[in-house]
Amino acid sequence: MPSTITAGGRRLPPIIRATAITLTLCWSPFGWSATLPADLKWESNNTDPVYADPAAKRGGTFRTFMTSFPLTLRKYGPDSNGGFAGYVRESNLPLLSTHPVTDNPMPMLASEWAFGADHKTLYFRINPKARWSDGQPVTADDWLFTLKMMRSKEINDPWYNNYYSTQISGITKFDDHTLAITSGTEKSRQDLLESLPISPEPSHAIKLTANWVKEYNWKVLPVTGPYQLDQVKKGKSVTFKRIENWWGDDERYFQHRFNPARIEIKVLRDLNIAWQHFLRGDLDSFPLVMPNWWHDKTKTSEFEKGYIARIWFYNQTPQSPMGLYLNTADPLLKDLNVRLGIQHALNLDKMLTTLLRGDYQRLNSYGSGQGEFTNSELKARPFDPKLARQYFAKAGFNKAGPQGILQNDKGQSLTLAITYTTAEHAQRLTLLREEAKKAGLNLELNLMDASSGFKSMLEKKHQSAWMAWSGGRYPAYWEFFHKVNANKPQTNNIMNIDDEAITALVEQYDKEFDFAKKAALSRQVQQRLYELASFVPAYQVPYTREGAWRWIKLPKVPATPKSELLYWPLGGDNSGYSYGGLLWIDEELKSETRAAIKSGKRFPADPIIDTTYRQP
């Protein structure tokens, strides 16, 4: 869950009072304007390599799917952090992104930027071409309003309220196209670039009221990106349409991107049913990361005759913390010995070598691939039923009950309920359940719809959760581990960690200016999490594997080193997905392929394995 705020009211706003650089002020509908410092050194970047293909063609409908219908179209407030949030958030652009090859700042809504002497402030010049999808210009007032909105109680989102009150101390307007965003603490330039170039909300289209959550649950708002929500068919599909004459079409890093005229996202709640839609040509692409899908499911005529292409693309993205999240507020899991026993009762290595065919790698700590920020000295605890039983005995579970499951003196069985949302993971968890019996632990597997399951986790109704958070270039810890987010609904601290030591480390981490010291604090945070034993690391996947009908085209090098997906049509949010939007639809190839299906003609069918960015 991310966040923002606004200056309003006729008294001098706190965000201006706290800014020493303000010399003169003039009133605007959303706050006060200030005088810009004269000694700023403005920077830009219009020379880094482009990564889209000039051969890309515009038009057509890209058809994909999701496994559950969104609970809301809002980006904030209750139920807004589900799987569909990626689409909604990437409909808007941030001020800056990071170039996926050079790691330099990359213009999005801002065309220029400058660093303040206080090590807290970033100044931005908004691209004067930038427009909302309803034609209204993007101005500094939109960021003032965003700050106000993110701090407001009306959005019913404690995470955003807290983040935009503590991590962002203020936003200052200098004119319609110039603003500054100030961090709550001094930070390195890398940190400022990572945290401050936030996306705006349309100040002209949102009215904050006491009933805002309900009023905006299904409201379609203007966006700054190339795609606008168009059709919402409850329970069936959501469709985006490309904005005609989008303002960013000629900007360097947007050229030849975002090519389909429409993006249709169907709701197909079962992956096997979605697979049948894909084989019929009703979906254009399909994820094939799971080993049985890549190795076995693709043994069909559609693949063998070359109508559908397979790509295995190695990337260099931060690895998500995939694993088992234990809710430490649960009466059973409050006991550290129980949590330690669970760590040794899960035979993840067997799952990796058998079911997953050695394609995935064991994850050792909370995520990986973030350089010095990853604690590489930590090693995942091995499967050891004898040691697991010793820990369980310390927690009072030392008697054998039915089917060998341990019990305590009260007759309580040692049972752990696992909430998960991907049906394809049932086989993996079933293997873990059978192996866990050797340690006297019973696993109860609860499959839920993706939206409902994630809602349950955010409301802390789960005992444990099998899932992963998306990762950034550098770890974020406050929302996941700080005690202020424990034991309350709609926060990302789903392990309910309420620990003074890790809270202190997280606070130091967020405030640390020196990047080397910040990395050291990150390693300490991961060490403390390891000691708490509330997260069981499972696996990492340093690549993406996907299939697509041969009429869906990609550049010669299919994606960037920071692309998490190949066939991701959007690219607004400052995340790995922001390097999507590279695909296009070749209507001539579509006609050729459909004719070939009827005639039996074949095309080359070998999978493409791209190692351009493979790491040793």
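Residues numbered from 1 in each chain as written. Predicted model: local features only at pLDDT ≥ 70, side-chain atom pairs only at ≥ 80, totals over all residues. Heavy atoms only, no water.

**A few points about the overall build of the chain**
Broken down by element type, the chain carries 18 helices and 27 strands. With the principal axes as the frame, the chain shows a C-alpha extent of 75 × 70 × 45 Å. Counting all 616 residues of the chain, 58% fall into the buried class. Within the chain, contacts between residues separated by at least 24 positions form 73% of all contacts whose residues are at least 6 apart in sequence. Roughly 24800 Å² of accessible area belongs to the chain as shown, and the carbon and sulfur atoms make up 49% of that amount. (Helix = DSSP H or I, 4+ residues; strand = E, 2+ residues; numbered from the N terminus. Buried < 20%, exposed > 50% of the residue type's maximum accessible area, 1.4 Å probe, protein only. Contact = heavy atoms within 4.5 Å. Areas by Shrake-Rupley, 256 points an atom, 1.4 Å probe, with all protein chains shown as cover.)

**Topic: the sheet that holds strand S14 (residues 308-314)**
Pairing is mixed across the open sheet formed by four strands, whose spatial order is S13-S24-S14-S27. Strands at the two margins of the open sheet, each flanked by one partner only, are strand S13 (285-287) and strand S27 (608-610). Pairwise comparison of adjacent strand axes, ignoring direction, gives a mean angle of 20° for this sheet. Alignment of S14 against S27, held across three bridges, turns out to be parallel. By the bridge assignment for S27, Phe313 is matched with Asp610. Together, S13, S14 and strand S24 (543-549) form the strand contacts of helix H7 (residues 271-279), whose direction differs from that of S13 by roughly 145°. (Pairing = 2+ DSSP bridges. Axes fitted to C-alpha atoms, helices over the stretch in contact; angles between N-to-C directions.)

**Describing the nonpolar core**
With 161 residues, the main nonpolar core has Ile342, Trp466 and Phe481 as its most contacted residues. When residues in this core are grouped by element, the largest group, seven residues, is from helix H3 (residues 140-151). (Core = buried A, V, L, I, M, F, W, Y, C linked by side-chain atoms within 4.5 Å.)

**A closer look at the sheet that holds strand S11 (residues 237-242)**
What holds strands together in a sheet is hydrogen bonding between their backbones, with the strands either parallel or antiparallel. With mixed pairing, the four strands of this open sheet are ordered in space as S3-S12-S11-S10. Each edge of the sheet is formed by a strand with only one pairing partner; in this case those strands are strand S3 (61-66) and strand S10 (227-233). Adjacent strand axes in the sheet meet at a mean angle of 20° when their direction is disregarded. Bridge count for S11 against strand S12 (residues 262-267) is five bridges, and the pairing is antiparallel. Its bridge partner lying in S12, Val238 is registered against Ile265.

**Focus: the domain arrangement of the chain**
Its domain assignment divides the chain into domain 1 (92-214), domain 2 (227-317 + 542-610) and domain 3 (322-540). Domain 1 and domain 2 are separated by 31 Å when their C-alpha centres are compared. Residue-level contacts link 20 residues of domain 1 with 16 residues of domain 2. Across the domain 1/domain 2 interface, buried area totals approximately 1500 Å², and carbon plus sulfur atoms make up 60% of it. Taken together, domain 1 and domain 2 are joined by four residue pairs in polar contact (both at pLDDT 80 or more). Mapped onto the side of domain 1 that touches domain 2, the elements with two or more residues apiece are strand S4 (96-98) and strand S5 (105-107). The element that contributes the greatest number of residues to the side of domain 1 that touches domain 2 is S4, accounting for three residues. (Domains from an automatic or database assignment. Buried area = accessible area lost by both parts, 1.4 Å probe. Polar contact = N/O pair within 3.5 Å; in protein donor to acceptor, adjacent residues only side chain to side chain.)

**Some details on the side chain of Asn347**
Considering the arrangement of structural elements, one finds Asn347 in the loop between helix H10 (336-345) and helix H11 (348-353). Within the local environment of Asn347, its side chain forms a polar contact with the backbone nitrogen of Lys350, the two atoms lying 3.2 Å apart. Excluding its chain neighbours within four sequence positions, the residues that come into contact with Asn347 are Phe383, Leu431, Leu432 and Glu435.

**Remarks on the pairing of strand S15 (residues 323-326)**
Two strands pair when backbone bridges link them, and S15 and strand S21 (residues 464-467) are joined in this way by four bridges, in the antiparallel orientation. Within S21, the residue paired with Leu324 across the bridge is Trp466. Note: S15 against strand S22 (residues 535-537), three bridges, orientation antiparallel. Considered in S22, the bridge of Gly323 is made with Pro537.

**Describing the UniProt feature "domain: Solute-binding protein family" (unreviewed entry) in the chain**
Here, UniProt's "domain: Solute-binding protein family" (unreviewed entry) annotation points to residues 105-484. With 27% helix and 22% strand, the stretch residues 105-484 has end C-alpha atoms that lie 32 Å from each other. (UniProt positions renumbered as here; feature names shortened; annotations may be inferred.)

**Comments concerning the packing of H3 against helix H4 (residues 158-166)**
Interhelical geometry of H3 versus H4 gives an angle of 125° and a closest axis separation of 7 Å. Relative to H4, H3 is oriented oblique. Contacts from Leu147, Met150 and Arg151 of H3 reach H4 at Tyr160, Asn161, Tyr164 and Ser165. (Parallel < 35°, antiparallel > 145°, perpendicular 65-115°, else oblique.)

**Description of unusual backbone geometry**
Residue Asn156 is not a glycine yet carries a positive backbone phi of 55°. With respect to the secondary-structure elements, Asn156 resides in the loop between H3 and H4. You can call Asn156 partly exposed: its relative accessible area is 43%.

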